[in-house]
Each structure stands twice: as structure tokens, then as C-alpha cells.
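# Structural overview
What follows is the residue order along each chain.
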Amino acid sequence: MKLKRIIALSLSAATLALSLTACGGSSSAASDNAQASDSNSGDAVTVKLGVVGSIYEDLWTPAKEKLADEGIDLEFVQFSDYVTPNNALANGEIDLNAFQHRIYLQSEIDNYGYEIENIGNTFIIPLNLYSDKVKSVDELKDGDTVAIPDDVTNGGRALKVLEAAGLIKLKDSAEFNPTIDDIETYNTKITIEELKANVIPSTLADVTAAVVNGNYALDFGLKTEDAIYKDDQLDIEEYWNLIAARSADLEDADKLETYKKVVAAFQSDETEAVFNDQFGGYFIKAGWDQDLLADK
């Protein structure tokens, strides 16, 4: 019953977030954004960066400080879900966002026709399996409930984690983003519950185990050493996180130059030090050698 109330509250919050994005204020936000981006070269330029989870502000602190020295004010705009940030970016309410991996961005483009693109790789983070009830995967038994994200890309990745943990076997014919229908065998007859990624950490008391997105795990105080199974598929480029921008903005020379500075400020030794020193290597830099704006 408690789990149902949590899911209902999450769905209501997501609906409200989408309605606020679609209505009332988009035009003024876009206007403010345009004014900020069109500032004279001698004035400070504000760049609104959409993120999901407070952890991103810590990750971006070195970049924010570096950019301030170059006359760029990096302003964080927090979102509570994975649906809204790309909508906000496409509508001009923010300048950039940095919360998603490549495969998720591509699915959003395919589904909604967004004209936004990757301008710089950031990192890859594991998608681990956590539990408040058992200490290892071996303790999971028939009838136990395991929660996974309900969006296609993170859900598909979560199923791969469950397969790697030995709980299920996916069909050989499964595509890159498998679904529950692609499960060939349940090695342990668990019940898989698909939930909104942002509520999964708070449901650990109600399920036996859950695959938790990295930023939400950190926000909820979950540590990698607490995981009962650790994701080891960290070299798949589709799961590299990124910085996204509107394609049209990359035709503007001033904005392009500003965004190049934003990417360079993040891909720095200072940021990597935050990965290692503050978060114990939880974040792993990925694709920093790829200059995605070289031909712009």
C-alpha cells in the first residue's frame, strides 16, 4: 500500500512538472535566455545548466569557478525527473543540460523530435543493485520484488545488470535496450517492478532490492560499497553521460564559443579530482578526448 502511494505521488509530480514546462512562462524564460546569450562580449554571460539531483552541483563546482574567471556565470537549474530537462532545453528555458547518457538522449530525440545534441562527454556512473533486506544477490529468492527504472533506456540497462548478476537470462535476440518481454529465463523467480527512477531509492524499504541510478543513489546516501551487486559494464559509449545543447544555438558563433568554454571547464583535472577525492571514484571520466565541437 505504501509503495502504491509513493508511485501515485511520483506520477502526480511528474505530470505537474510537465504541465508547468508546457504552459505559462516558457516564452518569458526563452526571452530571458536569449537576452543572456546575446549579451555584449564585455558583459558577464549567464548560462543556465539543467541538472537532475544536487550531486551535479558538486560535480560542476570547479567548472563554475573556472568559468566565473572568464566572465561566464554558470547557473544551475534543478529538475526532479528525467523527462523535463530536454523539454526545457528544446523550449529555450535553459541553455544546456547535463544529466543523461547518449542512449537516453537519442531516445528523447526519436520520441519527441528535439533538435538538441551532445556537445561534450562527461562521465559514466555505475547502475548498481541495492537492498535494505539482503546482503548479497545469493540471498534473493523466488517471489522477491526487484525494482528497476521504468524508462526504456535505464530500464534496459538495469535488466542487463540483473542478467550480469545471474538473476535472469535475456533472449539472444534482445536489442540494445531490452524490456521485460525479452527475459528468456528467471534463474531466480523474482518479480520485477518498474518504477520512476527518482522514487526508487525511497522504495527500498518496500521491495527486496532495486537497481538505482547513480545520481539518485548518491542523493539518497547510498554508497557503492553498499551495493549487493556492482555494475561492471562501464566501457559502453551509449552509457556515457553528456552535455546537451540546442542545435540551432551552435550556429551562433558567440554561443558556440561560450559552450566550448563550458565543456573545457568541466573536462579538467579539477573535475576529475572531485570524481576521485570527493566521491571515491564513483564517477569515471569518459570520452574527454572526443572534441565534438571541432567541426562547428
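Residues numbered from 1 in each chain as written. Predicted model: local features only at pLDDT ≥ 70, side-chain atom pairs only at ≥ 80, totals over all residues. Heavy atoms only, no water.

## So, the pairing of strand β2 (residues 72–79)
Bridging between strand β1 (residues 45–52) and β2 involves eight bridges; their strand directions are parallel. Along β2, the bridge assignment pairs T46 with D73. A crossover connection joins β1 to the parallel β2 through helix α3 (residues 55–68); in handedness this β-α-β unit is right-handed. (Pairing = 2+ DSSP bridges. Helix = DSSP H or I, 4+ residues; strand = E, 2+ residues; numbered from the N terminus. Right-handed = clockwise from strand over helix to strand, strands pointing away.)

## A look at the nonpolar core
Ranked by internal contacts, the top residues of the largest apolar core, which has 62 residues, are L59, W60, L96, I119 and F283. Those residues in contact with W60 that sit more than four places away from it in its chain are L49, L74, F76, A98, I243, V262 and F266. Counting 22 residues, the second largest nonpolar core, distinct from the first, contains L140, L167, I183 and I228. (Core = buried A, V, L, I, M, F, W, Y, C linked by side-chain atoms within 4.5 Å. Buried < 20%, exposed > 50% of the residue type's maximum accessible area, 1.4 Å probe, protein only. Contact = heavy atoms within 4.5 Å.)

## Observations regarding the confidence of the model for the chain
Low pLDDT marks regions whose predicted coordinates should not be analysed in detail. Here the chain averages 87 in pLDDT, while 86% of its residues score no lower than 70. Counting contacts from residues 1–41, a segment whose pLDDT is below 50, to residues more than four positions away or on other chains yields 43 contacts. (pLDDT = per-residue confidence, 0-100.)

## Details of the pairing of β1
In regular strands, side chains alternate between the two faces of the sheet. Within β1, seven of the eight residues are buried, which leaves the element mostly enclosed by the surrounding structure. Relative to strand β3 (residues 96–97), β1 is paired through two bridges, and the arrangement is parallel. Within the sheet, the bridge partner assigned to L49 lies in β3 and is L96.

## Regarding the sheet that holds strand β12 (residues 242–246)
To summarise the sheet geometry, strands pair through backbone hydrogen bonds and adopt either a parallel or an antiparallel arrangement. On the basis of which strands lie adjacent, the open sheet formed by five strands has the order β2-β1-β3-β12-β4 and mixed pairing. Only two strands of the sheet have a single neighbouring strand rather than two, namely β2 and β4 (116–121). Strand contacts of helix α5 (residues 102–112): β4 and β12, with the helix running at about 170° to β4, the strand carrying the most contacts. Against the sheet, helix α8 (residues 253–266) touches β1, β2, β3, β4 and β12, its axis set at about 45° to β4. (Axes fitted to C-alpha atoms, helices over the stretch in contact; angles between N-to-C directions.)

## Some details on the pattern of salt bridges
A full pass over the atoms with the stated rule returns eleven salt bridges. A salt bridge links D73 to K64, with the nearest nitrogen and oxygen atoms 3.6 Å apart. A residue is classified by how much of its surface remains accessible, and D73, at 35% relative accessible area, is partly exposed. Since its relative accessible area comes to 30%, K64 is described here as partly exposed. In this structure, D144 and K141 form a salt bridge, with 3.3 Å as the shortest nitrogen-oxygen distance. Overall, the relative accessible area of 52% leaves K141 in the exposed class. (Salt bridge = Lys/Arg side-chain N within 4 Å of Asp/Glu carboxyl O.)

## Quick word on the side chain of S268
Mapped onto the secondary structure, S268 falls in the loop between α8 and α9 (269–278). If sequence neighbours within four positions are ignored, S268 has contacts with K66 and W288.

## So, the side chain of D95
Mapped onto the secondary structure, D95 falls in the loop between α4 (84–90) and β3. One buried charged residue, D95, remains without a salt bridge, the closest side chain of opposite sign being R246 at 4.3 Å. (Lys, Arg positive; Asp, Glu negative; His and termini not counted.)

## Some words on the environment of V263
Tracing the backbone through its elements, the reader meets V263 in helix α8. With 30 residues separating them in the primary sequence, V263 and L293 have C-alpha atoms 9.5 Å apart. Aside from chain neighbours lying at most four places away, what touches V263 is I119, G120, I243 and L293.

## Considerations on the packing of aromatic side chains
In total, this model carries 16 aromatic pairs according to the counting rule given. Geometrically, the ring pair formed by Y82 and Y216 is tilted, given 5.3 Å between the ring centres and 35° between the ring planes. With Y82 in the loop between β2 and α4 and Y216 in helix α7 (residues 214–219), this pair connects stretches of sequence that are 134 residues apart. Among the residues examined, Y82 registers a relative accessible area of 10% and is labelled buried. For Y216, a relative accessible area of 9% puts it in the buried group. Positioned above the aromatic ring of Y239, the side-chain terminus of R157 is 4.6 Å from the ring centre. Looking at K160, its charged tip hangs above the ring of F176, at a distance of 3.6 Å from the centre. (Phe/Tyr/Trp six-rings, centres within 6.5 Å; stacked < 30°, edge-to-face > 60°. Lys NZ or Arg CZ within 6 Å of the ring centre and 35° of its normal.)

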